Amino acid sequence: MADQSDFAATDLNDDGVVDREEYHRRMMDTMLLADHDKDGMLTPGELPATDPATIAAADADGDGMLSDEEFMDARFEDFEAADQDGSGTLSPAEVDAWR
């Protein structure tokens, strides 16, 4: 089941779904918190719980780090994969099914 506190924190307008804007804001917050040295790039060391193959797949320029654009592109691929009905929003059930 989707972590209700995470879902509620992302659903900024409390309408029961997470839209693309809400998701974008949450993912930018996630990136800023993970970017320990505040250089605007995420390294594997800043993402220790992430499989290195996942980082490599998102690393479009092959520099071993994720820019904000690379990070967001990868995260929105996840959003699209989870959005089973193509509504442009994620329900708790879609988040649960995607995990």
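In short, a report on the structure.

Here helix H2 (residues 20-34) spans 21 Å end to end across 15 residues, near enough to the 21 Å set by a 1.5 Å rise per residue. Buried within H2 are the following residues: Glu 22, Tyr 23, Met 27, Met 31 and Ala 34. On the buried face of H2, the contacting elements are helix H1 (4-10), strand E1 (18-19), strand E2 (41-42), strand E3 (66-67), helix H4 (68-82) and strand E4 (89-90). At the N-terminal end of H2, a side-chain oxygen is found 3.1 Å from the backbone nitrogen of Glu 21, two or three residues along, and the residue is Asp 19.

Look at H4: 21 Å from first C-alpha to last across 15 residues, which is about the 21 Å you get at 1.5 Å a residue. Buried within H4 we find Glu 70, Phe 71, Met 72, Phe 76, Phe 79 and Ala 82.

With that settled, consider the environment of Met 31. Turning to its location among the elements, Met 31 is positioned in helix H2. Relative accessible area serves as the criterion here: at 3%, Met 31 is assigned to the buried category. Separated by 15 residues in sequence, Met 31 and Glu 46 place their C-alpha atoms 9.7 Å apart. Not counting residues within four places of it along the chain, the set of residues in contact with Met 31 comprises Gly 40, Met 41, Leu 42, Leu 66, Ser 67, Asp 68 and Phe 71.

Direction vectors running N to C along H2 and H4 enclose 135°, while the axes themselves pass 10 Å from each other. By the angle between their directions, the pair H2 and H4 is classed as oblique. Here H2 and H4 pass one another in a crossing that is right-handed. In this structure, H2 contributes Arg 20, Tyr 23, His 24, Met 27, Met 28, Thr 30 and Met 31 to the contact, and H4 contributes Asp 68, Phe 71, Met 72, Arg 75, Phe 76, Asp 78, Phe 79 and Glu 80. Grouping the amino acids of the contact of H2 with H4 by side-chain chemistry returns eight nonpolar, two polar and five charged.

With that settled, the discussion passes to the layout of surface pockets. By volume, the largest pocket amounts to about 790 Å³. In terms of lining residues, the largest pocket is bounded by 33 residues, among which Tyr 23, Met 27, Arg 75, Asp 78 and Trp 98 are the most central. Those elements giving two or more residues to the lining of the largest pocket turn out to be H1, H2, helix H3 (52-58), H4 and helix H5 (92-98). Here the lining of the largest pocket takes nine residues from H4, the largest share from any one element. The residue makeup of the lining of the largest pocket, split by class, is 20 nonpolar, four polar and nine charged.

Procedures and definitions
- Residues numbered from 1 in each chain as written.
- Predicted model: local features only at pLDDT ≥ 70, side-chain atom pairs only at ≥ 80, totals over all residues.
- Heavy atoms only, no water.
- Helix = DSSP H or I, 4+ residues; strand = E, 2+ residues; numbered from the N terminus.
- Expected span 1.5 Å × (residues − 1).
- Buried < 20%, exposed > 50% of the residue type's maximum accessible area, 1.4 Å probe, protein only.
- Contact = heavy atoms within 4.5 Å.
- Polar contact = N/O pair within 3.5 Å; in protein donor to acceptor, adjacent residues only side chain to side chain.
- Axes fitted to C-alpha atoms, helices over the stretch in contact; angles between N-to-C directions.
- Parallel < 35°, antiparallel > 145°, perpendicular 65-115°, else oblique.
- Left-handed = near helix turned anticlockwise from the far one by under 90°.
- Nonpolar A, V, L, I, M, F, W, Y, C, P; charged D, E, K, R; others polar.
- 1 Å grid on protein atoms, 1.4 Å probe; cavity = no way out; pocket = protein on both sides within 12 Å on 5 of 7 lines; lining within 4 Å.
- Points joined across faces, edges and corners; volume = space filled by probe spheres on them.

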